[in-house]
Structure formats: C-alpha cells, structure tokens
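# Analysis of the macromolecular model
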Amino acid sequence: MESIGFHELNMANKNVIFRIKRQDSPESKPRWEEFELPWRPGMNVTSSLMDIALNPVTRDGKATTPIVYDSNCLEEVCGSCAMIVNGRARMACSALIDQLEQPITLEPFSKFPVVRDLAVDRSVLFENLKAVKAWVPIDGTYDLGSGPRMANEDQEICYPLSRCISCCCCMEACPQFNESTGFVGAATISQARLFNTHPTGKALKRERLQALMGDGGIQECGYAQNCVEVCPKDIPLTNSISNVGKEVMKQAIFDLFRG
Amino acid sequence: MAANPRIIVVGGGLAGLSATIKIAEMGGNVDLFSIVAVKRSHSVCAQGGINAAKNLKGEGDSTWQHFDDSVYGGDFLADQPPVKAMCDQAPAIIDLLDRMGVPFNRTPEGLLDFRRFGGTLYNRTAFAGATTGQQLLYALDEQVRRYESEGKVRKFEYWEFLSGVIDSQGTCRGICAIDLRSMEVVTFPADAVIMATGGVGAIFGKSTNSVVCTGSAQSALYQQGACYANGEMIQVHPTAIPGEDKLRLMSESARGEGGRVWVPKQPGDKRNPRSIPEKERWYFLEEWYPKYGNLVPRDVATRAIFRVVFEYNLGIDGQPMVYLDLTHIDRKVLDRKLEGILEIYEKFVGDDPRDVPMKIFPGMHYTMGGMWVDYNQATNVPGLYACGECDFSIHGANRLGANSLMSCIYGGFVAGPEAVKYARNASSAESNGCFAAEKKRQEEFNQRLLKSDGTENSFKLWRELGDLMTKDCTVIRYNKALQETDPKLCEMLQRWRHINLSDKSMWTNSTFVFARQLYNMLQLSRVIAQGALLRNESRGSHYKPEYPERDDVNWLKTTKAYFSADADEPRFEFAPVDTSLLPLRQRKY
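Worth saying up front: this structure is predicted, and the values here are computed from it rather than measured.

## Observations concerning the overall build of chain B
Of the regular secondary structure elements, chain B holds 15 helices and 21 strands. Relative to a compact globule of 589 residues, whose C-alpha radius of gyration would be 25 Å, chain B shows 23 Å and is just as compact. Its C-alpha atoms give chain B principal-axis dimensions of about 75 × 55 × 50 Å. Within the span of chain B, comprising 589 residues, buried residues form 60% of the whole. Contacts in chain B between residues at least 24 apart in sequence constitute 74% of all its contacts with a sequence separation of at least 6.

So, in structure tokens, the structure goes:
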C-alpha cells in the first residue's frame, strides 16, 4: 500500500510526473513515455489523463497522442478504469494524486490482452459469468406478484456481494490467474455464491457448483488472499471462496454417490 | 413482415436492457449496441432509489398520488397519460425487480423497505443501500446475459452509433455504427430501432453524468429529421461534490434519511462546522419551505442554494459551497442505508461524512428533454423508437428524485413490445441503396475530420463549450446572455472544422471518436440554448428572473425542434401539452 497521506501544502507550485506504459496495438511492442503536469488540488489519475489529452506533449517536449484508457462513471462504480497504478491493480478515478508516490507509473493490466495503451480486453469475466449462470431464473417479466420474502440478515449478506463492479482487479492480482491454470478467479466464484444464496437463484445451484469443479475451477485457488486486498469494493472474496469451496466439495461427493 | 423480427437497441443502460428483455421474451432477436460493456452503463451511477406507490408504510399512498406528485413536480409540462401509465405500472415493476434478485433493503419482517425522496410527503422509494442504480442495472444485465447465452441477444459492445439508416420514404431501416477498436464503419439492418442512449451531461463540461453521456446519438438523429423536444429542460442537482474531472453526485437519499442543508449565519465563518452552535446555523431550506424542508424538489433546492451563496454571500468560507450534514444520524443507520455514497465522499474528498458535514454545490444532472416520442415511445421517424433519459416524456420541466430509474424501465417495457408490434406489421421494402449511401456519408465525414489540419484541439474546445453552457443554460437564465449563446456556438462549430486531431491512427482512436461526438454536442447545444431563449417564463428547472412566473397562457407548450439541413440550424414548433387527467394548479412547495 502506498498511502503517504495528504501533503497539499508541500505540493503547491509543484508538478506531477507520470511514467506511462504505452502500446499502439495488441501486436506492437510497449514503450514508456513521461509526462509532467502542474499540480492542482483534487487531481486524480483520470483527471490527469484528461489533462494530457488537452496538450499531448511528453516531458521532453515531443508531440504524442492522447493516452487511450477505459473510463466512464469516474466515481468507482462502473468498473471501467482499472489499471496498474504504482504497481497495484486499482481504479484510476479514485487514485488521488496527493496519495501517490512520484513518479506515478501507469500500466495496463498484465494478464489481459492489451487493446491499446491502458485499455485491455476483460471480456473473459463476462464469459465466466455466463458459464456459472450468474442470474436468477425467473419465469418471465409479466406480473407474477411479489418476490420471495427475505430476512434482513440475508439481504446484508447478498448486498455486499452484489456490489462487484467487474473491474477484474482481483483477477489481475491473483497469482493463480494465468493461462496455465485457466482459473476463473474470485469475482466469478463470489457471484456464484450470490446467486446460490438467493431463494430463486438456488434452483441453478448444482449447475453453478459443477461449473466450478475441475480444471480452472475453485480448486486452483492458492489462498494468496491478494484478491481481497485489492478489491476496491471490499467484497469478502475469500469468504466467498471458502463458502463455495465447501459447497463444491459437498456437491462432488453427492454426484459421486449418485453416480 | 417478420414473426421473429430483428430489433436494434442502442444503449445498454436500464432502458435499453429493459427493452431488450421484453423483445427477447416475445421471440424477437436483439442486436444490442453499446459504447461500453453494458454493465458499465451510466445507470450504474443512480444512487438513492426507485419510486413506486406500494403503500407499505400505512400512509395511504396511491399510484394516483405518485402521478399527481410527478406532474406537479414537473410543473405541468409533461403530457399526462404516459406519466399515469408509468405510476400505475410502478408497483409491478418493483415486484419484478425483486424477483430478479435485486437486494433491496428490507424491513424487520422481510418486506421491501421504502424511504422518502424529494417532492413527495410519502415513503415511496425502494432502495438497495445507496447504489440502487447499480443493483437494478446488474439485475437486468444478468437477465440479458441469460438471453445472450440462449442466442436471442447479440451484443455489440465497444461500438458507437453514428447515424440511422433512413430510406427514401423516411423510414428507419437500421443503423450505421463504428467499431471503436478497428474503427471500421458498418451498417446494420433491422426491422425497428430503439434508442436508449441516456442524457447529454457532457454538453455542460463537468456534470454528474458519465463520460459516454454526450447526447451524440440523439443529436445525429435530430440532424436526420427526428424531433427533439423540450431541450431547454435541464436538471441541476442541488447536491454534488465539486471535482477536477466531474461533479460527483451526493444522492437525495442523504436528505431522505434526515440530512440537513445549512450554512453558518456569519459570512466567512472559519470555525470547524461541528463547533458552530445550532443557533448560529441557518437551515435555510427548512426555514423557507417548512412543509417539505430539505426535501423540496431539486430545482427549488438548487435555486435556494444559489440565492444563499450568491445573494446572501453565505457560502462556506466565501466559496460556492454549503453544508449537507449527516453527523446527527446514528452511524449504524448511515452504514446500512447510505454506505455507498458516504464511501464516494470519503474516497474522493478524504473526509468521513459520519464525522464531518459534507461540502456540496449544485451540478448539472439530468436531461428532461430529449427525442420526441408518442405514448408508445415511437419517434416521428417510422421504425425509430426512444426510451429512457434520451426521450422527452414523463418528467416535464423537472424530474422528481427516484423517478428516473422507473421511467427508464417503464419506457423500455413499452418501447420493446411496441417495436416488435411495428416490425410484425411492417411490409418489407427494398432498401434502394440507403445502406450504402449512409455508410458513404459517414466515411466521408470521417475522412474530412482526419484530413483537417487546423490548430484547434477538440478537448479544449469542449471545455469552452462546457463553460458557456453551464454559465448560460443552467440554473438562472438571462435573455441578454442567451442572445449571445447561439452566435458563440456557431463560432465554435466553425472552429470545430479546424480541429487538428492529435491522433490520426485507425486503431482504438478515442480522440477521433470524441471529435465526432463534439460536433453533435455543438449542434444539440444550439437546440438547448435557443429553446431556453424562446421560452419566456419560469417553469420547473427553467428559471428566468425577467419572467419569474409560470405562464400557462403562452407557454403551456412542448418545445419541438427540427433540424433545417439547408439553413444548418434548428427550427422550432410549439405543441399543446396533454393535461387531460389533472387540472393545472400553481406549484408552491
């Protein structure tokens, strides 16, 4: 964690220096460029990237192109602007300049295909969510009366799980998430738990658990706990993994005896 | 005639996803286009809740009362029948969302909990913590993913709408879009097209809207003949957190749960706010509006804050900010009901609002105007539908808090089936080359932009646009200023033609795409500014000090803008408002 606190007073009249890893296309080689911006109060990484676009010139005076990156809500709820900031997977919009050590390095996620500069292709997560049927199988959208009654305590378990913004920070930080394991990652497992907890969602519990068995499934988790460290929404991912792990085990034994 | 028509839906927020689900359920096929992964759409930012008169608090609430509050809140500018239809549908929509697994907050008995929002005296707002929009969007996203895995929905994410494909009869036959990665321009045929592309926040530079909310798609269609209505009706939310890159919303639910707005009575008071005694604080909303207090509608609260800051010079420490105070509320209650928004304040400002009153100021928030639609969400272009924030219906001159999520879902639930019905009855016609012609038109536009070698930077031009529109076309509107807004916008359009792109590559070129959006923003800005100039009255969010009263004799009218291609400017018509259900009355909170 690089939290060095606020030091606004020392920062006045100073500049902020960025080192940004750039890549023109999925096939091209990455390169580094440095930028220098005048410091202002309240700057964050996305506001800085916008400032660079206003005047795309590197620190040594060379004209360059604006940085390509994903962003949308800028308030850490859409999950778009995930990148590596000073070595840590996190959301760029909530990365406040005053809390970062300089020079500030920005890199694209390393475990997802780079599209351009800091933008990567994270569609694997959405494919994983399809595989575990991360939805409640309702009969239809016509009026079928009220939903199942739910105790306050159950809502308080589901709600935090349902705040996952699909940023993929947990996958980027996980040592097991790589091509050789094919691990689905914490976000998908936690979503499986969310839908297995729902009174109607439970109907697909067996299929979800079976999807998490075998290669690339929950067994690949090495309990490094990096996922829960980097999650910007403080989702209890390791709880979800141990909860679903037990359920998968029970299901596997059940399937074995049932033949 | 197609039994299983193919419908294009543009936009994957609540409205677009709602339409998609209905179409898939009816056996249609959907091509769903979105600039971002649909799960990252702007609906995710909605915080406080969603309105439905379920009357679960023994208050005698009713769907009629919801309708009355909404029409009155919108200062009688909305055509009333669709508002009533939405309010009647709302309780069933909440039940459906509950069945889809939205983790709504619960009462001790396990039933849905409701809280109070602005512009009503009833607890009518269902909520999932303070991230209700996120939870609703996810529930719909999950249902669409289910249809996607069954092959009924094809997603085109990272594609941007460029224009409609309109045949020689004036019928919409499909769309032209650009792949935001390969930059390839492609046309797509469809039996009907539904627009669900949200608001226009980017026109105002910094707003509470997301980056994609440029209004570019609506503007493109307006330039192709679609009518744009009540463009001048722009909502400024009273409580946003001023920021470098955007104005982050601080939900009305903070006041719904008891938050109080105040300033120190003494100008420039530098004391720690918590040490300022009660009698030295001015709770101006509670004093001016004893019945509704801190929960007056947004336009009223926003003007009150402007008055306190700019007329009384009582902004905190002389700055344009007032306190929004939650520190008197139990921390456990705050965590259970408002955690999501408190976390935003903590992360982006660095103070804990459980301990320190928040500093807030109004910010551009919602687009009441939009594409004109009839009561079936059909635009004036056959085959083209619109729903959600991008259409003009439901909210009139001011939207009530927590009505937007409901209007998006309601609009999608009407537009989807209506588009299917239209497609099933439409006779198939030859396209007569309209696809090739539209593709050529867009590619030529792109080539001109890529070859332009002036000196303008599109991002700098955009900042100027945002400053101009925020100054002239938000909270207080002066005709003298508005008379100069349009010439300034024309000058910016001229400068736009001299943009020199700092990136001319043809792979994931966001600079190029933004310059295209900017052109459409400028064209739509003229509709907003001229509409504001023409409407000589004050109604809802539209306030002119020179004409401080609502003028039903002259201005109980829908502003309808059409693009005159020859003159390259908007042409205005005014249509009567359908007030067949609720008689007019003075709006006084």
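## Topic: the overall build of chain A
Of the regular secondary structure elements, chain A holds nine helices and seven strands. For chain A, the C-alpha atoms occupy an extent of roughly 70 × 40 × 35 Å along the three principal directions. When each of the 259 residues of chain A is scored for burial, the buried share is 47%.

## Brief notes about the nonpolar core
Formed by 260 residues in total, the largest nonpolar core has its most connected members in B:Ile7, B:Val10, B:Val193, B:Ile194, B:Met195 and B:Tyr385. With residues near it in sequence (within four places) discarded, B:Val10 still touches B:Gly16, B:Phe33, B:Phe161, B:Ile175, B:Val193, B:Ile194, B:Met195, B:Ala196, B:Thr197 and B:Ala217.

## Description of helix H13 (residues 479–496) of chain B
Residues and elements named next belong to chain B. For H13, spanning 18 residues, the distance from its first C-alpha to its last is 26 Å, which sits close to the expected 26 Å at 1.5 Å a residue. When H13 is considered as a whole, its buried residues turn out to be Leu482, Thr485, Leu489, Met492 and Trp496. Where H13 is buried, its residues contact helix H12 (458–472) and helix H14 (510–534).

## Overview of the interface of chain B and chain A
Across the contact, 56 residues belong to chain B and 57 residues belong to chain A. For the side of chain B that touches chain A, the secondary-structure elements that each account for two or more residues are helix H1 (14–25), helix H3 (80–99), helix H4 (132–149), helix H9 (331–349), H12 and H14 of chain B. Residue contributions to the side of chain B that touches chain A peak at eight residues, all from H4(B). Across the side of chain B that touches chain A, the residue classes break down as 19 nonpolar, 18 polar and 19 charged.

## Quick notes on the domain arrangement of chain A
Residues and elements named next belong to chain A. Taken domain by domain, chain A consists of domain 1 (8–120) and domain 2 (123–258). Placing a centre on the C-alpha atoms of domain 1 and another on those of domain 2 gives a separation of 32 Å. At the interface, 14 residues of domain 1 touch 12 residues of domain 2. With four residues, strand S4 (residues 88–91) is the single largest residue contributor to the side of domain 1 that touches domain 2. Among the residues forming the side of domain 1 that touches domain 2, the class breakdown is seven nonpolar, three polar and four charged.

## With respect to the sheet that holds strand S4 (residues 114–116) of chain B
All names here are of chain B. Strands sit in the order S3-S5-S4 across an open sheet of three strands; the sheet is antiparallel. For this open sheet the edge positions go to strand S3 (50–51) and S4, each flanked by a neighbour on one side alone. Where S4 meets strand S5 (residues 123–126), three bridges bridge the pair, whose relative direction is antiparallel. Residue pairing for S5: phenylalanine 114 is matched across the bridge by alanine 126.

## Comments concerning the packing of H13(B) against H14(B)
Residue and element names in this part refer to chain B. Running from N to C, H13 and H14 cross one another at 165°; their axes reach a closest spacing of 9 Å. Relative to H14, the element H13 is oriented roughly antiparallel. The handedness of the crossing between H13 and H14 is left-handed. Seen from H13, the contacting residues are Asn479, Leu482, Gln483, Thr485, Asp486, Leu489, Met492, Leu493 and Trp496; seen from H14, they are Leu518, Tyr519, Leu522, Ser525, Arg526, Ala529, Gln530, Ala532 and Leu533.

## Describing the environment of B:Ala53
Within the element layout of this structure, B:Ala53 appears in the loop between S3 and helix H2 (63–73). Setting aside residues up to four positions removed in sequence, B:Ala53 forms contacts with B:Asp61, B:Ser62, B:Thr63, B:Gln65, B:His66, B:Cys87, B:Ala90, B:Pro91 and B:Arg124.

## Quick look at the packing of helix H3 (residues 123–131) of chain A against helix H6 (residues 186–197) of chain A
For any two helices packed against each other, the geometry comes down to the angle between their axes and how far apart the axes lie. Residues and elements named next belong to chain A. Contact pair H3 / H6: the axes reach a minimum separation of 10 Å and the direction vectors enclose 30°. Considering the angle they form, H3 stands roughly parallel to H6. Classified by chirality, the crossing of H6 by H3 is right-handed. Contact residues: H3 offers Leu125, Asn128 and Leu129, while H6 offers Ala187, Thr188 and Gln191. Of the residues that constitute the contact of H3 with H6, the class distribution is three nonpolar, three polar and no charged.

## As for H14(B)
Between its first and last C-alpha, H14(B) extends 36 Å over 25 residues, near the 36 Å set by a 1.5 Å rise per residue. H14(B) sits mainly inside the fold: 23 of its 25 residues count as buried.

## Regarding the sheet that holds strand S10 (residues 192–195) of chain B
Pairing between sheet strands relies on hydrogen bonds along the backbone, with the strands arranged either parallel or antiparallel. Residues and elements named next belong to chain B. The parallel open sheet is built from five strands, whose spatial order is S6-S2-S1-S10-S19. On the outer flanks of this sheet lie strand S6 (153–157) and strand S19 (384–386), each paired with one strand and no other. When the angles between neighbouring strand axes are averaged without regard to direction, this sheet yields 20°.

## Points about the confidence of the model for chain A
With 95% of its residues at a pLDDT of 70 or more, chain A shows a mean pLDDT of 94. Note on residues 1–9 of chain A: pLDDT is under 50 here. Beyond four places in sequence and across chains, it has 11 contacts.

## Quick look at the pairing of strand S8 (residues 172–179) of chain B
Residues in a regular strand project their side chains so that they alternate between the two faces of the sheet. All names here are of chain B. In terms of residue burial, S8 counts as a mostly covered element, since seven of its eight residues are buried. Note that strand S7 (residues 159–166) and S8 share seven bridges and pair antiparallel. Within the sheet, the bridge partner assigned to tryptophan 159 lies in S8 and is aspartate 179. Hairpin connection from S7 to S8: five residues lie between these consecutive antiparallel strands, with glycine 170 at a positive phi of about 85°.

## Side note on the environment of B:Cys490
Considering the arrangement of structural elements, one finds B:Cys490 in helix H13. Along the backbone, B:Cys490 and B:Leu522 are 32 residues apart, and their C-alpha atoms lie at a distance of 8.2 Å.

## Some points on the environment of B:Thr214
Residues and elements named next belong to chain B. Considering the arrangement of structural elements, one finds threonine 214 in the loop between S10 and helix H5 (216–223). By C-beta crowding, threonine 214 is classed as buried, having 28 other C-beta atoms within 10 Å. C-alpha of threonine 214 to C-alpha of serine 41: the two residues are 173 residues apart in sequence and 13 Å apart in space. Those residues in contact with threonine 214, other than ones at most four positions away along the chain, are Val200, Ala202, Gln517 and Met521.

## Overview of the confidence of the model for chain B
Looking at chain B, pLDDT values average 96 and 100% of them are 70 or higher. Interface predicted TM-score (ipTM) for the complex: 0.95; the corresponding pTM is 0.97.

The rules behind each value
- Residues numbered from 1 in each chain as written.
- Chains lettered and ligands numbered in written order.
- Predicted model: local features only at pLDDT ≥ 70, side-chain atom pairs only at ≥ 80, totals over all residues.
- Helix = DSSP H or I, 4+ residues; strand = E, 2+ residues; numbered from the N terminus.
- Rg over C-alpha atoms; globule rule 2.2 N^0.38 Å.
- Buried ≥ 20, exposed ≤ 12 C-beta atoms within 10 Å, placed from the backbone.
- Contact = placed C-beta atoms within 7 Å.
- Core = buried A, V, L, I, M, F, W, Y, C linked by C-beta atoms within 7 Å.
- Expected span 1.5 Å × (residues − 1).
- Nonpolar A, V, L, I, M, F, W, Y, C, P; charged D, E, K, R; others polar.
- Domains from an automatic or database assignment.
- Pairing = 2+ DSSP bridges.
- Axes fitted to C-alpha atoms, helices over the stretch in contact; angles between N-to-C directions.
- Parallel < 35°, antiparallel > 145°, perpendicular 65-115°, else oblique.
- Left-handed = near helix turned anticlockwise from the far one by under 90°.
- pLDDT = per-residue confidence, 0-100.

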